[in-house]
Amino acid sequence: MAELHELIEKIENPELRAQIAEAAKRALKHKQFGLVFEEHLPECTPLYDIPVRKGVKVSVRDGKANETYTVLKIEDEIATCLAKNSKDAVQFAVDELVTTAELGDPIYPYLQHLDEVCNAPDSKLWHTLIEADNYHALQLLEYLYAGKVDCIYIDPPYNTGARDWKYNNDYVDGADEYRHSKWLSFMQKRLEIAKRLLNPTDSVLIVTIDEKEYLHLGCLLEEMFSEAHIQMVSINIHPGGVARENEFARSDEYAFFVFIGDSGPACLELSDDWMYGIETTSRDGVHWRGLLRSGSNDSRQHSPNCFYPIFVSEDGKKFLGAGEPLALGVDRQTVIAPLGQKAIFPIHADGTEGCWQYSRDNMLSIQKKGYVRLGGFTPRGMSINYLADGEQKKVEAGLFKIIGKNEDGSLILDDSEYTARFIPTTQWCIKSHDSLRNGSNFIRKFFPDKRFDYPKSIYAVYDTIKFIVANKPTALIVDFFAGSGTTLNAVNLINAEDNGARRCIMVTNNEISGKESDSLKAKGIQPGEAEWEKHGIARYVTWPRTVCSIKGCDVYGSPLSGNYGIEKTTYLASEKPGHKGLYKKAKKQIYPSLSSIKMADGFNTNAVFFKLGFLDKTKVSLGMQFKELISTLWMKAGSIGKCPVIDATIPDMLILPENKMAILNDENQFRKFAEQLAKYPEIEIVYLVTDYESSFVAMTQALEGKTTYQLYRDYLDNFRINAGRNGR
């Protein structure tokens, strides 16, 4: 390494010497083992709605976003610019340029209201769709919800080699030798912020992927979430398979579940499809298991502490206690049962000495609760059964009703009203997850004209998320690769099923397909222009689907038909005499709880559509952009009720009980503000505009019990401090 530094010092050009020294420094940081990839810094994003002006960073509108210039001056709509690491100025027409941000530059985002759909005026629940580059949207979400998100579900670009995603405003195709490392760099930057969004004690990240990147993604997740438990599930999304030349037909994709803290999948009521014909007792009612251990480690030598006598009455009807464990080498025949009792040891059918499932003390503990049941005498002793931990929990939860006790003290249970719940395996071969039938064909209900290729099955997303949030009726779910908007549709379906109030935030850019892009450019239409933007995915697909699914109609206003249930057709042998070999059709609901949810009824919920924009920090600090920030403050307060809009002069104070928040713009009015606030104990979040830390502390103390934020310092400091960390 010393030799490398000596060679660098011999470079005469100081700028070149500095650049090579910095490149060498980054290279030396690379790992020798594990997942190694080029980080591709910087990654840049065009900001089409930010005016080109003196001093800003720009790129050529139709070029690569990471080839940036600084604007030195603008005269007669001609911008004189200086490229990075160059001394020679160049000139461009202003309309050829677009303001550009490097990841790591301080940004001050706000949410511009574009549209909303209100199908439940009395509901406080509002979902959100944000049109933005998801990196910058994640920066905003970190300010709003760091450590508060219950579930992140993302379906990122699969990096197939087709024109399915962009890096630095340029499509990455299969011929790009850095395709994999660009994708990993792209994902790593976003997952780093996503990790900070998740609740560190109980949350789950779900990432779907196919065979092109699942190995790289798995390694990346293992490195970034080393403290988490990670599982990969295989989901059959093409039951018929997709033909591949000289390959097996592809039928599945994968979902990584990153379980953080105490999180895990919930036990759910699932159809027979989830069992694939496997014989199991997990779906039966009360199941008593043998107390004699079987399988591995089932001998006395393996568990000496579990070899002890259980005493029963001579008629075998009463449980009378248990003796101490016998040390290895002690003959069980030396144990003499008390008068009128029999000693039962754990003896296998072949006469070998085994062991009980529980130690003596633990067995006595569950026996007192009625979880041990005596059976009949056998040539080797007696058959004794018990309820395993899972069954015990069902009793304690009231799923199995206690209706009495047997003579031996065991519980008499009624399981007639019990419906089995279980966690499936990691192989999901579920017909409803078919991405053609319940993805592409399903989305045609909203768009009779084809608008989106390869959407997920609504039921695949519904099932995946439900395993995580079934027991969290107020969960916050984020999807920052929203695509066609299936995630919000699925969350609304879960809420409709159990009257939950789960909230969903979706993020998508407004990119258009490569084919459509070429067509528009051929017509002279450029990114950022209205004609271009209306064809983007956020405005042409994601938001219209959100509106249609909530209102219960297609994009032309026609009511949707059918319901969200699915009927499965099975074939049964004919019961008619003489009809051997003939079959009749029988239909069964796969999702019976969804069959009552009519699509035309929509959902009793609301959603708002924002576009992420960027503010001038000086104007923010002077309080000149309060109107623009009101949407951000609303989201930070929990997105409760309809987002307020400020059209008139900025008020001295805002008391918004319907949003459970309040804002004080003039600290001289604090006494009056506090008096008004006292009338609304439901208000939880209070924003206080003041330049002085001492004033903020004093006002906070006076508002004991409220969560307070200092404007605009809280906002400005967050994005200034996090800029370097996020830019790495």
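These numbers were taken from a predicted model, which means no experiment stands behind them.

(A) Broad picture of the overall build of the protein. When its secondary structure is counted, the protein shows 18 helices and 32 strands. Over its C-alpha atoms, taken along the principal directions, the protein stretches across nearly 110 × 75 × 75 Å. Buried residues in the protein amount to 49% of all 728 residues. Total accessible area on the protein stands at roughly 35600 Å², and carbon and sulfur atoms take up 49% of it. If the 86 positive side-chain charges of the protein are averaged to one point and the 99 negative ones to another, these points end up 4 Å apart.

(B) Seen up close, the pattern of salt bridges. As enumerated under the stated definition, the model contains 31 salt bridges in all. Lys450 serves as the salt-bridge partner of Asp453, at 3.4 Å between the closest nitrogen and oxygen. Using a relative accessible area of 62% as the deciding quantity, one classes Lys450 as exposed. Via salt bridges that share partners, Asp210, Glu211, Lys212, Arg244, Glu247 and Arg250 belong to a single interconnected network.

(C) Structural detail: helix α15 (residues 626-636). Across the eleven residues of α15, nine count as buried, placing the element largely inside the fold. Residues of α15 that are buried include every one of Phe626, Leu629, Ile630, Ser631, Thr632, Leu633, Trp634, Met635 and Lys636, and no others. Gly638 sits one or two residues past α15 and shows a positive phi near 110 degrees.

(D) Seen up close, unusual backbone geometry. The omega torsion of the bond from Leu711 to Tyr712 falls at 5 degrees, within 30 degrees of zero and hence cis. Note that Tyr712 resides in the loop between β32 (707-711) and α18 (713-727). At Glu77, a position not held by glycine, the phi torsion is positive, near 65 degrees. Topologically, Glu77 is positioned in the loop between β3 (68-75) and β4 (78-83). A residue is classified by how much of its surface remains accessible, and Glu77, at 57% relative accessible area, is exposed. One non-glycine residue, Tyr454, adopts positive backbone phi at about 60 degrees. Mapped onto the fold, Tyr454 is located in the loop between α8 (436-443) and α9 (458-469).

(E) Region of the structure containing the sheet that holds strand β19 (residues 372-378). An order of β15-β20-β19 is seen for the three strands of this open sheet, with the pairing classed as antiparallel. For this open sheet the edge positions go to β15 (289-290) and β19, each flanked by a neighbour on one side alone. One ladder, built from five bridges, connects β19 with strand β20 (residues 381-386); its direction is antiparallel. Counted as the bridge partner of Leu374 is Ile384 from β20.

(F) How the structure looks around the packing of aromatic side chains. One pass over the structure, following the stated rule, counts 25 aromatic pairs. Note on Tyr143 and Tyr715: the rings are 5.8 Å apart at their centroids and 85 degrees apart in plane angle, and the pair reads as edge-to-face. Note that Tyr143 is positioned in helix α3 (residues 134-145) and Tyr715 in helix α18, a separation of 572 residues in sequence. Of the residues examined, Tyr143 reaches a relative accessible area of 5% and is grouped as buried. Under the relative-accessibility criterion, Tyr715 is labelled buried at 1%. For the ring pair Trp274 and Phe467, a centre distance of 5.6 Å and an interplane angle of 80 degrees mean the geometry is edge-to-face.

(G) View of the packing of helix α10 (residues 486-498) against helix α13 (residues 537-551). Between α10 and α13, whose axes approach to 9 Å, the crossing angle comes to 20 degrees. In terms of orientation, α10 lies roughly parallel with respect to α13. Once α10 is placed against α13, the crossing between them reads as right-handed. In contact with Thr486, Leu488, Asn489 and Asn492 of α10, α13 contributes Arg545, Thr546, Ser549 and Ile550. Counted by class, the contact of α10 with α13 contains two nonpolar, five polar and one charged residues.

(H) Structural view of the sheet that holds strand β17 (residues 319-322). Taken in spatial order, the three strands make up an open sheet running β17-β16-β18, and their pairing is antiparallel. With partners counted over all chains shown, the strands left at the sheet margins are β17 and β18 (341-344), one partner each. Pairwise comparison of adjacent strand axes, ignoring direction, gives a mean angle of 25 degrees for this sheet. With four bridges joining them, strand β16 (residues 310-313) and β18 adopt antiparallel strand pairing. Along β18, the bridge assignment pairs Ser313 with Gln341.

(I) Quick look at the state of the cysteines. A complete count under the given rule lists zero disulfides for this structure. Just so you know, Cys548 is unpaired, no disulfide at all, and the nearest cysteine sulfur is the one on Cys553, 4.8 Å from it.

(J) Just the environment of Arg539, in detail. One can find Arg539 in helix α13. Judged by its relative accessible area of 29%, Arg539 is partly exposed. Residues Arg539 and Thr508, spaced 31 residues apart in sequence, show a C-alpha to C-alpha distance of 9.9 Å. One polar contact links Arg539 to Glu131, side chain to side chain, over a distance of 2.7 Å.

(K) Region of interest: the environment of Ser549. Structurally, Ser549 can be placed in helix α13. When its relative accessible area of 3% is taken as the criterion, Ser549 is described as buried. Note: C-alpha distance between Ser549 and Leu560 (eleven residues apart in sequence) is 8.8 Å. Apart from the residues within four sequence positions on either side, Ser549 is in contact with Phe446, Asn489, Gly602 and Phe603. Polar side-chain contacts of Ser549 include one of 3.1 Å to the backbone oxygen of Thr546.

(L) Looking closely at the environment of His287. Take His287: it is sitting in the loop between β14 (252-261) and β15. Taking the relative accessible area as the measure of exposure, His287 reaches 23% and is therefore partly exposed. Sequence spacing of His287 and Ala132 is 155 residues, and the spatial spacing of their C-alpha atoms is 53 Å.

What counts, and where the lines are drawn
- Residues numbered from 1 in each chain as written.
- Predicted model: local features only at pLDDT ≥ 70, side-chain atom pairs only at ≥ 80, totals over all residues.
- Heavy atoms only, no water.
- Helix = DSSP H or I, 4+ residues; strand = E, 2+ residues; numbered from the N terminus.
- Buried < 20%, exposed > 50% of the residue type's maximum accessible area, 1.4 Å probe, protein only.
- Areas by Shrake-Rupley, 256 points an atom, 1.4 Å probe, with all protein chains shown as cover.
- Lys, Arg positive; Asp, Glu negative; His and termini not counted.
- Charge placed at Lys NZ, Arg CZ, Asp CG, Glu CD.
- Salt bridge = Lys/Arg side-chain N within 4 Å of Asp/Glu carboxyl O.
- Pairing = 2+ DSSP bridges.
- Phe/Tyr/Trp six-rings, centres within 6.5 Å; stacked < 30°, edge-to-face > 60°.
- Axes fitted to C-alpha atoms, helices over the stretch in contact; angles between N-to-C directions.
- Parallel < 35°, antiparallel > 145°, perpendicular 65-115°, else oblique.
- Left-handed = near helix turned anticlockwise from the far one by under 90°.
- Contact = heavy atoms within 4.5 Å.
- Nonpolar A, V, L, I, M, F, W, Y, C, P; charged D, E, K, R; others polar.
- Disulfide = S-S within 2.5 Å.
- Polar contact = N/O pair within 3.5 Å; in protein donor to acceptor, adjacent residues only side chain to side chain.

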